[in-house]
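# Structural features, examined
One-letter residues, chain by chain:
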Amino acid sequence: LQFIKEASGDSVSSLSITDCFSESYDVYEIYITSFEQSGTADSRFSLLDSGGSEITDSSYDWAYLSMNSDSSFTEGKNTSQTHFRDFSYDVTNISDGIGVQIVMYNPYDSSSYTFCTWQSSFYDTGTGGRGKKGIGVLKSAETCTGIKFFGDSGTLDNIKVSVYGVK
């Protein structure tokens, strides 16, 4: 892995990491090592185009599996959305700890769709272990140069993200 960029925020409505994808790599790994949200909010992310603007057309398809140690597994999926959704849990207590990995495939290639996978784990001191695995595709062949994280409400607190290129 080749370190590219790191970003963090506290009490922000969103966190954008610009100019982290380039022609240098086809695959990128993104790690979130700190993540909290105020209130209950879905974890979401979208991609940024070559001008740094959020891609919000209805071209995102995604599916995920939630694996909870104290309840049945559940899944979610959707097509033609304006962002990817549910890469992690609604974490409101940073001391519980979280880890998220997102892998992006061909984000900079303007002749290809951008694919991604994600997985996250979280330990809730009240209910136990939680995990998520997901897949997604941006069905719009365009150059993506960045990524934006946000929730459906509230703020992102204590978020720390690192981006790496895969050699």
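Residues numbered from 1 in each chain as written. Predicted model: local features only at pLDDT ≥ 70, side-chain atom pairs only at ≥ 80, totals over all residues. Heavy atoms only, no water.

## Examining the side chain of His-83
Within the element layout of this structure, His-83 appears in the loop between strand E6 (74-81) and strand E7 (84-85). One polar contact links His-83 to Arg-44, side chain to side chain, over a distance of 3.3 Å. Excluding its chain neighbours within four sequence positions, the residues that come into contact with His-83 are Arg-44, Phe-45, Ser-46, Tyr-60, Trp-62 and Phe-150. (Helix = DSSP H or I, 4+ residues; strand = E, 2+ residues; numbered from the N terminus. Polar contact = N/O pair within 3.5 Å; in protein donor to acceptor, adjacent residues only side chain to side chain. Contact = heavy atoms within 4.5 Å.)

## Comments concerning the nonpolar core
Of all hydrophobic cores here, the largest spans 33 residues; its most connected members are Phe-45, Leu-47 and Phe-149. Those elements that place two or more of their residues in this core are strand E2 (14-17), strand E3 (27-37), strand E4 (43-49), strand E5 (60-68), strand E8 (98-105), strand E9 (114-124), strand E11 (144-151) and strand E12 (156-165). The residues touching Leu-47, leaving out its near neighbours within four places in the chain, are Phe-21, Ser-53, Glu-54, Ile-55, Tyr-60, Phe-84, Met-104, Thr-114, Leu-138, Cys-144, Gly-146 and Ile-147. (Core = buried A, V, L, I, M, F, W, Y, C linked by side-chain atoms within 4.5 Å. Buried < 20%, exposed > 50% of the residue type's maximum accessible area, 1.4 Å probe, protein only.)

## Concerning the sheet that holds E2
Read across the sheet, 4 strands follow the order E2-E11-E4-E7 without closing on themselves; strand pairing throughout is antiparallel. Edge positions in the sheet fall to E2 and E7, since each of these pairs with one other strand and no more. (Pairing = 2+ DSSP bridges.)

## Topic: the pairing of E12
By the criterion of burial, E12 is predominantly enclosed, with 7 of the 10 residues buried. Across 7 bridges, strand E1 (residues 2-9) lies against E12 in antiparallel orientation. Among the inter-strand pairings, Ser-8 is bridged to a residue of E12, identified as Lys-160. As paired strands, E3 and E12 are joined by 8 bridges and run antiparallel to one another. Along E12, the bridge assignment pairs Ile-30 with Val-163.

## Some points on unusual backbone geometry
A positive phi angle, near 50 degrees, is found at Asp-19, a position not held by glycine. Locating Asp-19 in the fold gives a position in the loop between E2 and E3.

## Overview of the confidence of the model for the protein
Across the protein, pLDDT averages 89, with 93% of residues at or above 70. Per-element confidence in the protein ranges from a low mean pLDDT of 88 for E7 to a high of 96 for E1. (pLDDT = per-residue confidence, 0-100.)

## Here's the deal with the sheet that holds E8
The strand order across the open sheet formed by 8 strands is E1-E12-E3-E8-E9-E10-E5-E6, and the pairing between neighbours is antiparallel. Both edges of this open sheet fall to E1 and E6, since each of them pairs with a single strand only. Strand-to-strand twist in this sheet, taken as the mean axis angle between neighbours without regard to direction, amounts to 15 degrees. (Axes fitted to C-alpha atoms, helices over the stretch in contact; angles between N-to-C directions.)

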